[in-house]
Amino acid sequence: MILEAQDLRKRYGAYVALDGVSLAVREGEFVSIIGPNGAGKSTLINLLTGVLPPSEGRVRFKGRDIGGIGPVALARLGMARSFQLVQIFPELTVLETLQAAVVSRLGRGANLFASLRRDRQVQSEALEVARLFGLADRAYSPARALPQGDKKLLDVASAFSLRPEIILLDEPTSGVSTADKHAVMEILVGAARQIGLKAIIQVEHDMDIVFAYSDRIIALHQGKVLADAAPAAIRADARVVDTVIGRRAPC
Amino acid sequence: MRTPLVLAVVVIAILVLPLVSPPYYVTLMLPFMAYGVILLGLNLLFGYTGLVSFGHALFIGIGAYTGAVLTTRLGVRHMELILPAAALAAAIVAAPVGALCVRYVKIYFGMLTLAFGMVFYTFLLKFYRLTGGDEGMRMLRPYLLGSEWAGFNKTAYLIGPYYYFSLAVLALATLLMWRIVASPFGLCLKTIRDNPLKAESLGVSVPRSRWYAFMISAVYAAVGGALLAPPTGNVDPTLAYWTHSGNVVFMVLLGGFSSFFGPLLGAFAFIFLQDTVMSVFPYWRLIFGAILAFIVIFAPGGLMGLFARRRGPVEVSRG
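Quantities reported herein were computed from a predicted structural model and do not represent experimental measurements. (Residues numbered from 1 in each chain as written. Chains lettered and ligands numbered in written order. Predicted model: local features only at pLDDT ≥ 70, side-chain atom pairs only at ≥ 80, totals over all residues.)

How should the overall build of chain B be read in this particular structure?
Broken down by element type, chain B carries 14 helices and two strands. The C-alpha radius of gyration of chain B comes to 19 Å, within 12% of the 20 Å expected for a compact globule of 319 residues. Principal axes of the C-alpha set define a box for chain B whose edges measure 60 × 45 × 40 Å. Here chain B holds 319 residues, and the buried ones make up 49% of them. (Helix = DSSP H or I, 4+ residues; strand = E, 2+ residues; numbered from the N terminus. Rg over C-alpha atoms; globule rule 2.2 N^0.38 Å. Buried ≥ 20, exposed ≤ 12 C-beta atoms within 10 Å, placed from the backbone.)

Written out as structure tokens, the structure is:
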């Protein structure tokens, strides 16, 4: 069990955003979290990534309580994330963006006088990830000049540069055109295999993507787990189809 | 790149200037070199980390007063001791002040730095016995390289040994800053400037990096401040006043904060522009206000941005 949440509750004043959510992610799994707006997905992500502490319950990553530990400590422990709204460094090039992640992973961020350009390890690791994500020929473009799909890939690629054990993707294909969604996912899954990622968790609205890639799907509704099962069982679950997927479920 | 060529020409021009130019213009170069050091540091905070300090005069003041106190009260006349002492004094003050300020960003950071600057200004003004109040203190002519340069009158000293000493300090400060911005740390600062949320998710410790940048820029300001004092021979509280903080921010904007050498160009342009405008028109601030408005609206990349644009499509826009 690499990531485990027990009986998570999160209250904002009187409002209960999460009401007793338990889940577990094992090595080798690709888990999708789905649910309608307001189901508590964003809150759940914030708890799983240690951005917010739970009001009750526990989140354990590799056996360690990570409630509210914050993004920097989380990255050091080996969990990375990407964001729903694409997060890039507009003025930095693709390569610089990836280098920043490598520098941080190697703990060289406080190195004031070393030459970044002469750091072979940082250079080669960053380039390797750029190749893996098909961004090598844009290595020297500033991130702001990339097309939307590549920005999304860069966001994920920089998270991969941390060589995490687990990655949490918040809507990895949002803002990407329907035609490109599968391409983005293929690159992502391929890179995950190359890097030796132990597990992927994604929050996703696009049911095509969810059903095509998940080993397991967790459906949230009104702050509770509605269902937690393999894709086939989820598809057959009338409650999930009604509340989350909608009638026009993919077949 | 034509940068190395341009740089070589500029360095040679600065080296030969005292031999060919009237002394007046040579003495004008002294504040340029002092402000050059200050602005290199300020731009690490501004251009590279994305934090605008409106209280940087605090550290300029600390540097200048360190020199005055050392030469007049403690009998320490060696510039090689004054500069490290100024740097140390600034670091001691910047450590707690910076630790507090870097928790805030944007206007809150600016206002907080402004507040600390004004606290120090008031201290200089009111603690008359220690600081000389509004009259300030004398800064005795410092020894350079162990020598008093006794055979030189004031002007000869300033346009000779002191000129080259200042230039050496500026050159060293530039090389050091060049290394810092090209280091892994420099890259981390740029990620923070562009997107702190994303930087944190990549494991960059944002407050710690900002704090380091703050301290480095404070040390640069103090060293520059200590260089400012000998040409005037006097230090007074206006060095730490908020309009002085505003001036250095203006210089950075004038030269262009998105370029490494922009601030140096800004310092140069400011000093010589101020001199020219003041000699023909008493209300020079009026002209400078108009220039500032023009830069912000039409040339956010500053003078460096204008040159770069003419050479090629280098964008300088930043959100």
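When you look at the overall build of chain A in this model, what are you seeing that I'm missing?
Counting its secondary structure elements, chain A contains nine helices and ten strands. Viewed in the frame of its principal axes, chain A has a C-alpha envelope of about 55 × 40 × 30 Å. The burial tally for chain A puts 47% of its 251 residues in the buried class.

Quick question: what am I supposed to make of the environment of Asn43 of chain B here?
All names here are of chain B. By the element assignment, Asn43 lies in helix H2 (residues 23-48). Residue Asn43 is classed as buried on the basis of its 29 C-beta neighbours within 10 Å. When neighbours within four sequence positions are excluded, Asn43 is seen to be in contact with Tyr48, Val252, Phe257 and Pro263. (Contact = placed C-beta atoms within 7 Å.)

I tried to follow the domain arrangement of chain A on my own but got confused; where do I start?
Accessible area lost upon the coming together of the parts serves often as the stated size of an interface. Residue and element names in this part refer to chain A. Per the domain assignment, the segments making up chain A are domain 1 (1-77 + 215-251) and domain 2 (81-198). Centre-to-centre, using C-alpha coordinates, domain 1 lies 25 Å away from domain 2. Contacts between the two partners involve eight residues from domain 1 and, on the opposite side, eight residues from domain 2. Counted by class, the side of domain 1 that touches domain 2 contains five nonpolar, two polar and one charged residues. (Domains from an automatic or database assignment. Nonpolar A, V, L, I, M, F, W, Y, C, P; charged D, E, K, R; others polar.)

For this particular structure, what's the right way to read the sheet that holds strand E5 (residues 64-65) of chain A?
The strands that make up a sheet are held in pairs by hydrogen bonds between backbone atoms, and each pair lies either parallel or antiparallel. Residue and element names in this part refer to chain A. Across the sheet, four strands lie side by side as E2-E1-E4-E5; this open sheet has antiparallel pairing. Whereas interior strands pair on both sides, the edge strands pair on one side only; in this sheet they are strand E2 (15-25) and E5. The pairing of strand E4 (residues 56-61) with E5 spans two bridges and is antiparallel. Bridge pairing in E5 places Arg60 opposite Asp65. Across the sheet, helix H1 (residues 41-48) touches strand E1 (3-12), E2 and E4, and the angle it forms with E1 is around 120 degrees. (Pairing = 2+ DSSP bridges. Axes fitted to C-alpha atoms, helices over the stretch in contact; angles between N-to-C directions.)

What exactly am I supposed to notice about unusual backbone geometry here?
The bulk of non-glycine residues show a negative phi, and the bulk of peptide bonds are trans. In this structure, Gln222 of chain A is a non-glycine residue whose phi angle is positive, near 50 degrees. Along the chain, Gln222 of chain A turns up in the loop between strand E9 (216-221) and strand E10 (224-229).

Would you mind going over the nonpolar core with me for this structure?
Across soluble globular proteins, nonpolar side chains have a tendency to be buried as a group. Counting residues in hydrophobic clusters, the biggest one holds 178 residues, and the most contacted among them are Val37, Ile38, Leu39, Ala86, Ala90, Ala222 and Val223 of chain B. In terms of residue count, the dominant contributor to this core is helix H10 (residues 206-232) of chain B (16 residues). The two domains that each donate at least three residues to this core are domain 1 (1-77 + 215-251) and domain 2 (81-198) of chain A. Sequence-distant contacts of Ile38 of chain B, defined by excluding residues within four places in its chain, comprise Ile60, Tyr220, Ala221, Gly224, Gly225 and Val248 of chain B. (Core = buried A, V, L, I, M, F, W, Y, C linked by C-beta atoms within 7 Å.)

Explain the sheet that holds strand E6 (residues 79-82) of chain A to me, please; I cannot follow it from the model alone.
Residue and element names in this part refer to chain A. Sheet architecture is open: six strands sit in the order E6-E7-E8-E3-E9-E10, paired in mixed fashion. At either end of the open sheet lies a strand with only one pairing partner, and these are E6 and E10. Across the sheet, the mean angle from the axis of one strand to that of its neighbour is 15 degrees, orientation sign disregarded. Direction of pairing for E6 relative to strand E7 (residues 166-170): parallel, over a ladder of four bridges. Counted as the bridge partner of Met79 is Ile166 from E7.

Just to check I follow, could you spell out the interface of chain B and chain A for this structure?
With 23 residues of chain B at the contact, the number on the chain A side is 31 residues. Sorting the residues of the side of chain B that touches chain A by element identifies helix H7 (154-181), helix H8 (184-194) and helix H9 (196-201) of chain B as the ones contributing at least two each. With seven residues, H8 of chain B is the single largest residue contributor to the side of chain B that touches chain A. Taken together, the residues of the side of chain B that touches chain A sort by class into nine nonpolar, eight polar and six charged.

Before we go on, may I ask you to explain the confidence of the model for chain A in this structure?
Reading fine detail from the predicted coordinates is not recommended where pLDDT is low. The share of residues in chain A with pLDDT of 70 or more is 98%, and the mean pLDDT across the chain is 91. Ranking the helices and strands of chain A by mean pLDDT puts helix H3 (residues 94-105) of chain A first, with 96, and helix H9 (residues 238-245) of chain A last, with 83. (pLDDT = per-residue confidence, 0-100.)

Looking at this structure, how should I read helix H5 (residues 106-126) of chain B?
Given 3.6 residues per helical turn, the α-helix brings residues three or four places apart onto the same face. Residues and elements named next belong to chain B. Helix length check: H5 (21 residues) gives 31 Å between terminal C-alpha atoms against 30 Å at 1.5 Å per residue, within 8%. When H5 is considered as a whole, its buried residues turn out to be Phe109, Thr113, Phe116, Gly117, Phe120, Tyr121 and Leu124. Along the axis of H5, the buried positions cluster into a sector of 140 degrees, meaning they face one direction only. Those residues of H5 that are exposed and aimed more than 90 degrees away from the buried face are Ile107, Tyr108, Thr122 and Lys126. Here the buried face of H5 lies against helix H3 (57-72), helix H4 (79-101), helix H6 (128-131) and helix H11 (242-255). (Expected span 1.5 Å × (residues − 1). Arc of directions from axis to C-beta.)

It is not clear to me how the packing of H8 of chain B against H10 of chain B should be interpreted in this structure. Could you clarify?
Packed helix pairs are specified by the crossing angle of their axes together with the interaxial distance, meaning the distance between the axes. Residues and elements named next belong to chain B. Contact geometry of H8 with H10 gives a least axis separation of 10 Å together with a crossing angle of 115 degrees. Accordingly, the angle class assigned to the pair H8 and H10 is roughly perpendicular. Judged by the sense of rotation from one axis to the other, the crossing of H8 with H10 is left-handed. Side by side, H8 and H10 meet where Cys188, Leu189 and Ile192 of the first sit next to Val206, Ser209, Arg210 and Ala213 of the second. Classifying every residue of the contact of H8 with H10 by side-chain character gives five nonpolar, one polar and one charged. (Parallel < 35°, antiparallel > 145°, perpendicular 65-115°, else oblique. Left-handed = near helix turned anticlockwise from the far one by under 90°.)

Help me out: how do you make sense of the pairing of strand E3 (residues 30-34) of chain A in this one?
For a regular strand, side-chain orientation follows a simple rule: the groups alternate between the two sheet faces. All names here are of chain A. For E3, the tally of buried residues reaches four of five residues, placing the bulk of the element in the interior. Pairing analysis gives four bridges linking E3 to strand E8 (residues 199-203), with the strands arranged parallel. Following the sheet pairing, Ser32 is matched in E8 by Gln202. For E3 and E9, the ladder comprises four bridges, and the chain directions are parallel. Counterpart to Ile34 in the pairing with E9 is Ala219.

Got a minute to help me understand the environment of Phe211 of chain A in this structure?
Residues and elements named next belong to chain A. Here Phe211 is to be found in helix H7 (residues 207-213). The exposure class of Phe211 is buried, given the 20 C-beta atoms found within 10 Å. The spatial distance from the C-alpha of Phe211 to the C-alpha of Arg58 is 29 Å, given a sequence separation of 153 residues.

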